[in-house]
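What follows is each chain in one-letter form.
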Amino acid sequence: MKKTIQSIAIILLFTGCSTNDTEPIIYDNPELTLNIPIDFPELNSSVYNNMPTQYGVELGKKLFFDRQLSADNTISCSSCHKQESAFADHNPKAIGIEGRIGLRNAPPVQNMAFMQFYNWDGNKLQLENQPLVPIITHEEMDSSILEVIGKLESDPSYIELFNKAFQGEGITADGIYNSIAQYEYTLISSNSKYDRVKRNEGETFTTSEAQGYAVFQNKCISCHSTELFTDQSFRNIGFPINPDSEEGGRARITGLVEDYMRFRVPSLRNIEYTAPYGSFGQFATLEDLLDYLDNGVLEADNLDPILKDNNNRIPLTAQEKTDLIAFMKTLSDAEFLGLEY
C-alpha cells in the first residue's frame, strides 16, 4: 500500500501558431504520480515547488543523457551516474572531460526526493541547485550554462520540449535545472527483497540474511536509520583521509573545525552495486570496508562518538560480516537498477 501524490492536470499555454497560424498551441502537461513508499521520510520541500510533470520529466531525462552539457560533448550526467550502479559508477573518483579526475566518488542518484542534503558534504539543499555544479566544474563538464543553452537552441526538438514543459518559456537555465531535478525525483528505489519481505509479499530472509539483519539493527542502525538506510547526518568515521589538499568534508561548507572530514552518511540501498565505497573510493569491496571498521579506524578529535566510545572500532566476527553483507544485498532493487527481475 503506498501513499500517492495525486495527479493534477496542468494546462500549459505558450505563444505559438497552429496550422491556421491564428490559434495558440495548448499542451496538457499533467503532473506525474509519485509513488511514495510507506515509512519513507518526508519529501524535500522543494519537490512541492517543482513537481514532476510528463514533459518536465521527459525533458530532464533527455538532458541527463545528453553529452552536449559538457564543453567537448563527451560527458553527460549519465557518464558518472549509471543506472546499473544505482546511478553512481565504479570509479574511486568521478572522471570528467579529457580524463580529468574529480575530488570525490560520484554519489548514487536514488530517492533524491526524500533527501534534505545533496553531495557528500551537503553543500546543496535543493536538487534544482545541483545540475549547474557539474556543468561548470573544471574536472567535470567544464562548460557554462550559456554555452549549453546555445547548443540546445539549435535543436528544434529541444525547443518544443522546453515549451511543452515550461509554459512556452523556451530554453532557459531554470528549465534545465528544474527538468533534471524532476527526472531525478522520479528515481525512487523501494522494491528490493527487503521491501518485499517487509510488505509480506511472500518472500522471506535466508538464515544468513536474517542474522545479518539482527547484526545491522545492533551495530549499524544508529547511522543507517529510516527506510532510506541513512539518517542524513554528517559524521567523521575515521576513514583514510583524501590526499587532496582541497578536501575537508563538511568543513568546506561550514568553515567549522569540528566538521573536518565529516561526510553525509550514505544510504545502504543498492550498496551491492555502488562499489568502491567511501567519499573517494577508499574501499574496493564491502569486505574491505567491514574489515577496516573491525580492525580500528583513524583517530580524530571529532571522531564520531559511536566509534570513539568503542575504542575506535565496530567489532565484528567473521560470521557477522558474512551475514551483514548477505543482509545488505537484500537492499538491491533489480527493477530500479534496470536488471532482469
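Summarised in this report is the structure supplied together with it. Given the structure is predicted, the values throughout are model-derived calculations rather than measurements.

## Regarding the overall build of the protein chain
1) Next: If you tally the helices and strands in the protein chain, you get 13 helices and 6 strands.
2) Next: By the compact-globule yardstick of 20 Å for 341 residues, the protein chain fits well, its C-alpha radius of gyration being 22 Å.
3) Next: The principal-axis extents of the C-alpha atoms in the protein chain amount to approximately 75 × 50 × 35 Å.
4) Next: The buried share among the 341 residues of the protein chain stands at 53%.

## A look at the packing of aromatic side chains
1) Next: Counted under the stated rule, the structure contains 21 aromatic pairs.
2) Next: Taking 6.2 Å as the distance between ring centres and 50° as the angle between the ring planes, the aromatic pair formed by Tyr158 and Phe162 counts as tilted. With a gap of 4 residues between them, Tyr158 and Phe162 both fall in helix α5 (residues 156-165), about one helical turn apart.
3) Next: For Tyr158, a relative accessible area of 1% translates into the label buried.
4) Next: Look at Phe162 and you get buried, because its relative accessible area is 0%.
5) Next: A ring pair is formed by Tyr194 and Phe229, whose centres lie 5.1 Å apart and whose planes are at 80°; its orientation type is edge-to-face. Note that Tyr194 is positioned in helix α7 (residues 193-198) and Phe229 in the loop between α8 (207-219) and β5 (234-235), a separation of 35 residues in sequence.
6) Next: Owing to a relative accessible area of 6%, Tyr194 belongs among the buried residues under this scheme.
7) Next: Among the residues examined, Phe229 registers a relative accessible area of 2% and is labelled buried.
8) Next: Three or more aromatic residues joined by ring pairs form one cluster here, namely Tyr194, Phe205, Tyr213, Phe216, Phe229 and Phe327.

## A closer look at the side chain of Glu184
1) Next: Tracing the backbone shows Glu184 in helix α6 (residues 173-185).
2) Next: In this structure Glu184 is buried but unpaired, with Arg264 as the nearest side chain of opposite charge at 11 Å.
3) Next: Among residues more than four places away in sequence, those in contact with Glu184 are Phe64, Val109, Met112 and Leu127.

## Here's the deal with the nonpolar core
1) Next: Counting 47 residues, the largest nonpolar core has Leu59, Leu63, Leu69, Phe114, Leu152, Phe162 and Ile176 as its most contacted members.
2) Next: For this core, the elements supplying multiple residues, two or more each, are α1 (54-64), α4 (145-152), α5, α6 and α13 (334-337).
3) Next: For this core, the leading source of residues is α6, giving 6 residues.
4) Next: Dropping the residues within four chain positions of it, Leu152 is found in contact with Leu63, Asp66, Gln68, Tyr158, Phe162, Ile171 and Ile176.

## Digging into the packing of α8 against helix α12 (residues 318-329)
1) Next: Direction vectors running N to C along α8 and α12 enclose 100°, while the axes themselves pass 7 Å from each other. Judged by the angle between their axes, α8 and α12 are roughly perpendicular. Taking contact as the criterion, the partners of Ser208, Glu209, Gln211, Gly212, Tyr213, Val215, Phe216 and Lys219 in α8 are, on α12, Glu320, Thr322, Asp323, Leu324, Ala326 and Phe327.
2) Next: A per-class count over the contact of α8 with α12 returns 6 nonpolar, 4 polar and 4 charged.

## Here's the deal with α1
The α-helix winds at 3.6 residues per turn, so residues separated by three or four positions along the chain end up facing the same way.
1) Next: Residues of α1 that are buried include every one of Tyr55, Gly56, Val57, Leu59, Gly60, Leu63 and Phe64, and no others.
2) Next: Buried positions along α1 lie against β3 (25-28), α2 (77-80), α4, α5 and α6.

## Quick word on the pattern of salt bridges
1) Next: Enumeration over the complete set of coordinates arrives at 20 salt bridges.
2) Next: In this structure, Glu203 engages Arg196 in a salt bridge whose closest nitrogen and oxygen atoms are separated by 2.3 Å.
3) Next: Arg196 sits in the buried class, given a relative accessible area of 10%.
4) Next: In this structure, the salt-bridge partner of Lys219 is Glu320, at a minimum N-O distance of 3.3 Å. Here Lys219 is found in helix α8, whereas its partner Glu320 is found in helix α12, with 101 residues between them in sequence.
5) Next: Through salt bridges with shared partners, a single ionic network connects Asp39, Asp195, Lys198, Glu227 and Arg269.

The rules we used
- Residues numbered from 1 in each chain as written.
- Predicted model: local features only at pLDDT ≥ 70, side-chain atom pairs only at ≥ 80, totals over all residues.
- Heavy atoms only, no water.
- Helix = DSSP H or I, 4+ residues; strand = E, 2+ residues; numbered from the N terminus.
- Rg over C-alpha atoms; globule rule 2.2 N^0.38 Å.
- Buried < 20%, exposed > 50% of the residue type's maximum accessible area, 1.4 Å probe, protein only.
- Phe/Tyr/Trp six-rings, centres within 6.5 Å; stacked < 30°, edge-to-face > 60°.
- Lys, Arg positive; Asp, Glu negative; His and termini not counted.
- Salt bridge = Lys/Arg side-chain N within 4 Å of Asp/Glu carboxyl O.
- Contact = heavy atoms within 4.5 Å.
- Core = buried A, V, L, I, M, F, W, Y, C linked by side-chain atoms within 4.5 Å.
- Axes fitted to C-alpha atoms, helices over the stretch in contact; angles between N-to-C directions.
- Parallel < 35°, antiparallel > 145°, perpendicular 65-115°, else oblique.
- Nonpolar A, V, L, I, M, F, W, Y, C, P; charged D, E, K, R; others polar.

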